[in-house]
Amino acid sequence: MAAKRVSEEPAFILHQYDWSESSLILECFTRHRGRVALVAKGVKRHTSNFRPVLLALQPLRLNWTLSGDGAADIHVLKGAEWAGGHVLPMGDGLMTGMYLNELLLRLLAREDPYALLFDAYAAVVRLLAAASAPRRQAGEGEAAVEPALRAFELLLLRELGLLPALDSETLTLQPLQPEARYALAAESGLQATTSPRGSLHGAQWLALNAALQQKDPMTALARCCEAVAAPLKPQLRVLLQYHCGNPPLRTRQLMLDLQSL
């Protein structure tokens, strides 16, 4: 019986590692099939047509044959081409893209599709590429990156069922009061606080909750996060690390080390 084939699947490469002297295993994020593992045979040879194409943070179209029963296996890559649209993010944009890739590798199970999350990831990668383009003006595009990252983190947590309700206190289920302050804790969810640091007003959490319900939540969230990106960042990072478990996120620590230098 002929092997089943997946054709022209939108994808990004999250990570790659050696499989043999001439081949690589690719961890890919695809639109319709989620995270999949593909073996790229002979890709390390200088004559391979795949070598200039199989790059992280680049939109691709991939073809592969399904191995075994087609689920949770390593499949065989048969074709790959660049889908076009933007150049490779550089500098801070490259590091941020690697951070997103590590989040997806740590949190997504294989063969579980998240089309909405894929589209959001693709939008953030495009923004990172635009912000690091050599012809941009100083600061152009950078102001939009932080709100987009917070929006993606919120959407990722929501899609995985790891984000508590943002319209009520998690432990008491009491509705949020617009003028009160609330903080997002890893184990106890959204809770009331009197500290202005690392917290948001109830009205701001309610606005984020409303954005998550929109037909295009990524755009609505990014707009909503413009005013709260700074205080939201540490809260989401703690929650994400909690669900990623040990060891700590490597890309996050690397970015902190580079900033300290």
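All values reported here derive from a predicted model rather than from experimental measurement.

Trainee: Outline the overall build of the chain, listing residues and values.
Mentor: A count of helices and strands for the chain gives 7 helices and 8 strands. For 261 residues, the compact-globule formula gives about 18 Å, and the C-alpha radius of gyration of the chain, at 20 Å, lands near that figure. When the backbone C-alpha atoms are referred to their principal axes, the chain occupies close to 65 × 45 × 35 Å. For the chain, buried positions account for 47% of its 261 residues. For the chain, the share of sequence-separated contacts (at least 6 apart) that also reach a separation of at least 24 residues comes to 60%. For the chain, the accessible area works out to roughly 13,300 Å², and carbon and sulfur atoms hold 54% of it.

Trainee: For the sheet that holds strand E6 (residues 181-185), give the residues involved together with the corresponding values.
Mentor: Ordered in space as E7-E6-E8, the 3 strands form an open sheet in which the pairing is antiparallel. A strand with exactly one partner marks an edge of an open sheet, and here the two such strands are strand E7 (189-193) and strand E8 (200-201). Examined bridge by bridge, E6 and E8 share 2 bridges and lie antiparallel to one another. Paired with Arg181 across the two strands is His201, which belongs to E8.

Trainee: With reference to specific residues and values, describe the packing of aromatic side chains.
Mentor: Describing an aromatic ring pair means giving the distance of the ring centres and the angle of the ring planes. For the structure shown, the criterion picks out 5 aromatic pairs. Aromatic side chains Phe29 and Tyr121 sit 5.9 Å apart centroid to centroid with 80° between the ring planes, which places their arrangement in the edge-to-face category. In this pair, Phe29 sits in strand E2 (residues 24-30) while Tyr121 sits in helix H2 (residues 115-131), placing the two residues 92 residues apart along the sequence. When its relative accessible area of 0% is taken as the criterion, Phe29 is described as buried. When its relative accessible area of 0% is taken as the criterion, Tyr121 is described as buried. Judged by centre distance (6.3 Å) and plane angle (55°), the ring pair of Tyr121 and Phe152 falls under tilted. Residue Tyr121 is found in helix H2, and its partner Phe152 is found in helix H3 (residues 142-159); the two are separated by 31 residues along the sequence. Among the aromatic residues, ring-to-ring pairing joins Phe12, Phe29, Phe118, Tyr121 and Phe152 into one connected group.

Trainee: Tell me about the side chain of Arg35, and please be specific about residues and values.
Mentor: You can see Arg35 is positioned in strand E3 (residues 34-40). In this structure Arg35 comes out as buried when scored by relative accessible area, which is 12%. Polar side-chain contacts of Arg35 include one of 3.1 Å to the side chain of Glu27. Polar contacts involving the side chain of Arg35 include one to the main-chain carbonyl oxygen of Leu108, which spans 2.8 Å. In contact with Arg35, other than residues within four places in its own chain, are Glu27, Cys28, Phe29, Leu104, Leu105, Leu108, Ala109, Arg110, Glu111 and Asp112.

Trainee: Tell me what's going on with the pattern of salt bridges, and back it up with residues and numbers.
Mentor: As enumerated under the stated definition, the model contains 9 salt bridges in all. The salt bridge involving Glu153 is made with Arg237; its shortest N-O contact spans 2.9 Å. In this pair, Glu153 is assigned in helix H3 and Arg237 in helix H6 (residues 229-244), connecting sequence segments 84 residues apart. Arg237 sits in the buried class, given a relative accessible area of 13%. Members of the salt-bridge network, linked through shared partners, are Glu146, Arg150, Glu153 and Arg237.

Trainee: Would you mind going over H2 in detail, with residue names and values included?
Mentor: Given a rise of 1.5 Å per residue, 17 residues ought to cover 24 Å, and the 25 Å separating the end C-alpha atoms of H2 matches this to within 8%. Listed in full, the buried residues belonging to H2 are Leu117, Phe118, Ala120, Tyr121, Ala122, Val124, Val125, Leu128, Ala129 and Ala131.

Trainee: An account of the state of the cysteines is requested, with residue identities and associated values reported.
Mentor: Using the criterion set out here, one finds 0 disulfides in the structure. Left without a disulfide partner, Cys225 is nearest to the cysteine sulfur of Cys224, which lies 6.0 Å away.

Trainee: So, the sheet that holds E2: which residues are in play, and what are the values?
Mentor: Within a sheet, neighbouring strands are paired by backbone hydrogen bonds and run either parallel or antiparallel to one another. If you trace the 5 strands once around the closed barrel, you get E1-E2-E3-E5-E4, paired in mixed fashion. Going from strand to strand, the sheet's axes swing by 55° on average, the running direction of each strand aside. As defined by bridge partners, strand E4 (residues 60-65) adjoins strand E5 (residues 74-82) across 6 bridges and the pair is classed as antiparallel. Its bridge partner lying in E5, Leu62 is registered against Ala80. Contacting strand E1 (5-18), E2 and E3, helix H1 (residues 92-107) crosses the sheet at an angle of about 100° to E1. Docked against the sheet, H2 engages E1 and E2, running at close to 60° with respect to E1.

Trainee: Can you tell me about the nonpolar core, naming the residues and giving the values?
Mentor: The biggest cluster of nonpolar side chains holds 52 residues, and the ones touching the most others in it are Tyr121, Phe152 and Trp205. Put simply, the parts of the chain that give this core at least two residues each are E1, H1, H2, H3, E6, helix H4 (202-212), helix H5 (217-225) and H6. In this structure, Trp205 is in contact with Leu166, Leu176, Tyr182, Leu184, Leu190, Leu200, Leu232 and Gln235, ignoring residues within four places of it in sequence. Of all hydrophobic cores here, the second largest spans 19 residues; its members include Ala11, Val36, Leu60 and Leu77.

Conventions and cut-offs
- Residues numbered from 1 in each chain as written.
- Predicted model: local features only at pLDDT ≥ 70, side-chain atom pairs only at ≥ 80, totals over all residues.
- Heavy atoms only, no water.
- Helix = DSSP H or I, 4+ residues; strand = E, 2+ residues; numbered from the N terminus.
- Rg over C-alpha atoms; globule rule 2.2 N^0.38 Å.
- Buried < 20%, exposed > 50% of the residue type's maximum accessible area, 1.4 Å probe, protein only.
- Contact = heavy atoms within 4.5 Å.
- Areas by Shrake-Rupley, 256 points an atom, 1.4 Å probe, with all protein chains shown as cover.
- Pairing = 2+ DSSP bridges.
- Phe/Tyr/Trp six-rings, centres within 6.5 Å; stacked < 30°, edge-to-face > 60°.
- Polar contact = N/O pair within 3.5 Å; in protein donor to acceptor, adjacent residues only side chain to side chain.
- Salt bridge = Lys/Arg side-chain N within 4 Å of Asp/Glu carboxyl O.
- Expected span 1.5 Å × (residues − 1).
- Disulfide = S-S within 2.5 Å.
- Axes fitted to C-alpha atoms, helices over the stretch in contact; angles between N-to-C directions.
- Core = buried A, V, L, I, M, F, W, Y, C linked by side-chain atoms within 4.5 Å.

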